[in-house]
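# Breakdown of the fold
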Amino acid sequence: MKTSLLSERAQNALPSPTLGITARIKALQAQGVNVIGFGAGEPDFDTPEHVKAAAIRSLQSGFTKYTPSSGIEALKDAIIAKLERDQGLRYRRSQIIVSCGAKHSIYNLLQAVLNPGDEVIIPRPYWVSYPEQVKLAGGVPIFADAPEENGFQVTAAAIEAAITPRTRLVILNSPSNPTGAMISAEELARIATLVARRNLLVLSDEIYEHLTYGVAHVSIASFGEEIKQRTLVVNGFSKAYSMTGWRLGYLAGDEKIVAAMGRIQDQSTSNPVSFAQVGAVEALNGDQTCVEEMRAAFQERRDVIMARLNAMPGISCLRPDGAFYVFPNVSGLLSSRIPDGDVLAECLLTEAYIGVVPGSGFGAPRHIRLSYATSIKAIQEGMDRLQKAAERLVNER
Ligand code: PMP
Ligand code: GLU
C-alpha cells in the first residue's frame, strides 16, 4: 500500500493564493457579508460588445467542433498582425500557438523546455504561478531580487548573480504582477546582452502591456534578431480585453519549441474553445477604443488608491507604472499579534471586511497586494475601512 494517494508533484504544488482569496471573498459575498474585494487580478468591465457578438455569431453558425489544437489560422494571423503592429516583431504561423489562457501557454512552454533539475530565474516579487509551474515541470525556481529600493525593478546584474551551469530560462514580467513595476528599456537591453552571452532563453510575459500609465511598454524581443530568437513572448486576452473567463492566451517564438508545445497540447487539452477563438480574432482586429477606455479608467483608479494608501499610518506604497495592482509595504502595521502579511490579510478580511492577497505567495511577506480593477466607489469604501484598520493596528503595536 502506498503511503500517500498523491504524487510527489501534486504534494509539492502550492494552492494559488490569488485564486484562493478570490474564492473566499466571493463565498463571503454570497452569504451576504459586505466584503470589498481587492483580490482577483480580474478587470471588472464586461467583455466589449463587438467581441461577444463575433463569438455569438460563430456559435450560432455552428462553429462548435474541434479546431487545430494550436489554434485557428485566422487567430494566428491576427496575433501575427498584432505583434508587428505593437512591437514591430515579425513571426510566421508556425511560430504561434494559442492556448487556454496565458497561464496554459506558460505551463506548456515550461513542460516543453525543462529537464529535471534545470533552473529558471524568476525576479522576486513574482506572480504566484511561475515557481509552481517550474516545479511542476521538474525545474528549480531560482530567485533574483527586484528590491523595493530599486522600484521593484530587476537588474541584469541580479540575474547574472543567479546564473549557474543549470540555468536554462529567465522569466520577465513587465509590467509586473504583483508590483506594477516596469523594466526600463536600458535594463532590458542589458538583460538581452546577458541572455545571449550566457546562452539562455527568456519567457517575456507581456499580458499587462496595454495597461501602462505614462511609460511605454517595450518587448525584450524587439532588441534585435539574436534576442528575438531566444525570447518566447506570452500574451493573452484576459486583461486588455477583459476576457478572463474565455481562457485564451498565446505564445510566439522559436518554431521547434512551439511545435513541441503543440504536441503537448495535442495530447492534453486539444484546442482552446472554438467560438472563443473567433471572439479573440475580433478583439485583435476590431476597434481598439475599448482597450484605451479601460486603461484610462485603471489609471484614474490607481491615482485614487495611491493617494489614499500613502495617507495611511504604517503603510507605504510605490507608484506602479502599469498593470492594476498596488503592492504596499505594511511593515508599519506588523506586531506580535500580526507578524506578517498573511496574518494581516486574514485580519483585514475577518475584522475589516476587505479582501487583499498576502504578499508571501509573491515572495514578499511584508507586503500585501490590492487589485484596483474595481469601481472608484468600492475603492473609496475599501480605503475608508483600511484607514480605520491601519489606525487601530498602529496603536496596537
Ligand atoms: N501572467 C500574469 C503575470 C498574470 O497576472 C496572469 C493572471 N491572469 C496570467 C499570466 C494568466 O492569464 P490568463 O491565463 O488568464 O490568460
Ligand atoms: N493573474 C490573476 C491574479 O494574479 C488572476 C488569478 C491567477 O490566475 O492567479 O490575481
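Whatever comes next refers back to the structure up there.
Note that side chains of opposite charge can pair when their charged atoms are close. Applying the stated criterion across every chain yields a total of 27 salt bridges. Residue Asp46 pairs with Lys52 through a salt bridge whose shortest N-O separation is 2.7 Å. A residue is classified by how much of its surface remains accessible, and Lys52, at 24% relative accessible area, is partly exposed. For the salt bridge of Arg230 with Glu226, the shortest nitrogen-to-oxygen distance reads 2.7 Å. Here the residue Arg230 and the residue Glu226 both occupy positions in helix α9 (residues 225-230), the gap between them amounting to 4 residues, near one helical turn. A residue is classified by how much of its surface remains accessible, and Glu226, at 44% relative accessible area, is partly exposed. Connected via shared salt-bridge partners are Lys82, Arg85, Asp86 and Glu209.

Thr18, Leu19, Ala40, Gly41, Lys103, Trp127, Asn177, Lys239, Tyr325 and Arg369 make up every residue found near ligand 2. Lys103 is positioned such that a nitrogen or oxygen atom in its side chain is 3.0 Å from an oxygen atom of ligand 2. Side-chain polar atom of Trp127 to an oxygen atom of ligand 2: 3.3 Å apart, as the coordinates give it. Contact with the protein chains hides 86% of the accessible area of ligand 2, taken as 280 Å² for the molecule alone.

Scoring rules and cut-offs
- Residues numbered from 1 in each chain as written.
- Chains lettered and ligands numbered in written order.
- Predicted model: local features only at pLDDT ≥ 70, side-chain atom pairs only at ≥ 80, totals over all residues.
- Heavy atoms only, no water.
- Salt bridge = Lys/Arg side-chain N within 4 Å of Asp/Glu carboxyl O.
- Buried < 20%, exposed > 50% of the residue type's maximum accessible area, 1.4 Å probe, protein only.
- Helix = DSSP H or I, 4+ residues; strand = E, 2+ residues; numbered from the N terminus.
- Near = heavy atom within 4 Å.
- Polar contact = N/O pair within 3.5 Å; in protein donor to acceptor, adjacent residues only side chain to side chain.
- Areas by Shrake-Rupley, 256 points an atom, 1.4 Å probe, with all protein chains shown as cover.

Coordinates in, geometry out; function isn't part of it.
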